[in-house]
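Below are the chains, spelled out letter by letter.
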Amino acid sequence: MATPRDAEIRKDVQTYYGQVLKKSADFQTNACVTAARPVPQHIREALQNVHEEVSLRYYGCGLVIPECLENCWILDLGSGSGRDCYALSQLVGEKGHVTGIDMTEGQVEVANKYIEYHMEKYGFQAPNVTFIHGYIEKLEEAGIKNESYDIVISNCAINLVPDKQQVLQEVYRVLKHGGELYFSDVYASLELPEEIRTHKVLWGECLGGALYWKDLSILAKKVGFCPPRLVTANFITVQNKELENMIGDCRFVSATFRLFKLPKTGPTQKCQVIYNGGIRGHEKELIFDANFTFKKDEVVEVDEETVAILKNARFAQDFLIGPDGEKFPTCGAYTALEVKDVITDPFELAGRFDSAESRSFPAVGGCCSTKKCS
C-alpha cells in the first residue's frame, strides 16, 4: 500500500523528469553517464539506429542489453523515451517483442512518436514494441500477465521507487522460469540518512532513493531470486558543491546486476562446462558477470548456482555441461574459481575498474539519461 510520502516522491520524480530535465546534460551528477566499456559491434549499430530525439532524452546509468536475445520477450522498467526498447526491438527480431513501461507521460509520448520510424528502418512488417504509461511497482494494474517475459531490464529506474521489494516481486511474477532481471541502478555505501532520503533533487538525481548495496541480496532472497550476480560498477561523482556537502561520507556507484528466476528443482553439484561460442557478438568469449568469463572451447569449473542458471536459462544450447561432479578429459585450457575470489561488492569492483582505466573504449549512453536517471 502506497504511503502519502511514496505518492509525494512519485509526483516529485515525475516533475523532475517531465519538466526540469530536458536532456541528460541537465543532471548534476554523473549517475547518468555510462563509463566506457567494450561493446559488441551489433549492439553499437542497434544503438546508432535509434532516432536522435529518443537518444537525446535517454537517462540510464548502464548498458542493459544482455546476450542471447533472438525471439525473446523483454520488458523495460522505466523505459523513458524508449532508447533501450528500440535497440532491443531490433535485436530480438520480428518474432520477439519489447514492452516499455514508464510513469512519465511526456516520455511515453516521445517513445510512441517514433514506433513507425524504427519499424520502417528495421524493415519489420509489424511493430514489435509497445509503450505503456504506468508504474513499475504495479505491473499487474498495467495488464502485464504472470510468466509472460523472458527478460526484464531496467536502466536506473528502480532507485526512483520507494518500495523496491514490491518492484522485485512484480518482476518475479511476470518472468518465466529461467528468466532474468538484468538491470543497472544506483547503490549507496551505507544506509542513507533521512536528510538524503527526503531531498527532492537527490531523488531526481537517483541518489536519494539508492539502495544500500548489501540490501539487494536480502530483498532478492525474500522474493525468490537467485543471489545477485554483479556485472559492472562505476563510481558516481557529484558536480554540485551543495549536494556534495549534504551527501557527506556516503559514496555511490552505478552497478549492473543479474537476478535469475529458476524453477524449483533438486540440488545440483558443481561441474565443468564448455562454451561453444554460439552467442552473437560473443563468439570468442562470453563475459557472463564480474566473476565468470567463458572462452570458447575452454573448460571452466562452475559452482552449483551457475550450473543451475546455465541449464535452465536461455543459455543452455550454448554450453556443453558435464555430468554432476565429473570432469571433462583434460585437453587444453582449464579455469576454476575459488569461492574466496568471488566479487559481490560493487564498490570493490568500481575501484578495480578505476585503477585499470588506462585503455579507452567507445562509451554508450549512461544510467540516467532522459527517462529516469541518465
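You'll find the chain entered in an unreviewed UniProt entry as Arsenite methyltransferase, with Bison bison bison given as the organism. Recorded under Sequence similarities (unreviewed entry), the UniProt text for the chain is reproduced unchanged: "Belongs to the methyltransferase superfamily. Arsenite methyltransferase family."

Visitor: Looking at this model, I keep getting lost on the overall build of the chain. Mind explaining?
Guide: The helix and strand inventory of the chain stands at 13 helices and 16 strands. Burial statistics for the chain: of 374 residues in total, 55% are counted as buried. For the chain, the share of sequence-separated contacts (at least 6 apart) that also reach a separation of at least 24 residues comes to 82%. When the accessible area of the chain is evaluated, it comes to approximately 16600 Å², of which 50% is carbon and sulfur surface.

Visitor: Hey, could you run me through unusual backbone geometry in this one?
Guide: Trans is the common state for peptide bonds, and a negative phi is the common state for residues other than glycine. A positive phi angle, close to 45°, is found at Glu 147, a residue other than glycine. Residues other than glycine seldom take positive phi values, yet Cys 206 does so here, at roughly 75°. Note on placement: Cys 206 falls in the loop between helix H9 (200–204) and strand S7 (211–212).

Visitor: Would you mind going over helix H6 (residues 115–122) with me for this structure?
Guide: Think of an α-helix as turning once every 3.6 residues; residues three or four places apart then point the same way. Within H6 the residues assigned to the buried category are Ile 115, His 118, Met 119 and Tyr 122. All buried residues of H6 fall inside an arc of 100° around its axis, so they share one side. Facing away from the buried surface of H6 by more than 90 degrees, the exposed residues are Glu 116 and Glu 120. Buried residues along H6 sit against helix H3 (52–56), helix H4 (83–92), helix H5 (105–113) and strand S4 (129–133).

Visitor: Would you mind showing me how to read helix H7 (residues 164–174) here?
Guide: Of all 11 residues in H7, 8 are buried, a share of seventy percent or more. Those residues of H7 lying buried are Lys 164, Val 167, Leu 168, Glu 170, Val 171, Tyr 172, Arg 173 and Val 174. Those residues of H7 that are buried are in contact with strand S2 (73–77), strand S5 (149–155), strand S6 (175–188), H9, helix H10 (213–223) and strand S9 (252–260). Regarding H7, its N-cap is Asp 163, as a side-chain oxygen of that residue lies 3.4 Å from the backbone nitrogen of Gln 165 further along.

Visitor: In this structure, what is going on with the confidence of the model for the chain? I would like to understand it.
Guide: Low pLDDT means the predicted coordinates in that region are not meant to be read closely. In this model, the chain carries an average pLDDT of 85, and 80% of its residues clear a pLDDT of 70 or more. The low-confidence segment residues 18–25, where pLDDT is below 50, has 19 contacts with residues more than four positions distant or belonging to other chains. The low-confidence segment residues 358–374 (pLDDT under 50) makes 114 contacts with residues lying over four places distant or belonging to another chain.

Reading the values: the criteria
- Residues numbered from 1 in each chain as written.
- Predicted model: local features only at pLDDT ≥ 70, side-chain atom pairs only at ≥ 80, totals over all residues.
- Heavy atoms only, no water.
- UniProt positions renumbered as here; feature names shortened; annotations may be inferred.
- Helix = DSSP H or I, 4+ residues; strand = E, 2+ residues; numbered from the N terminus.
- Buried < 20%, exposed > 50% of the residue type's maximum accessible area, 1.4 Å probe, protein only.
- Contact = heavy atoms within 4.5 Å.
- Areas by Shrake-Rupley, 256 points an atom, 1.4 Å probe, with all protein chains shown as cover.
- Arc of directions from axis to C-beta.
- Polar contact = N/O pair within 3.5 Å; in protein donor to acceptor, adjacent residues only side chain to side chain.
- pLDDT = per-residue confidence, 0-100.

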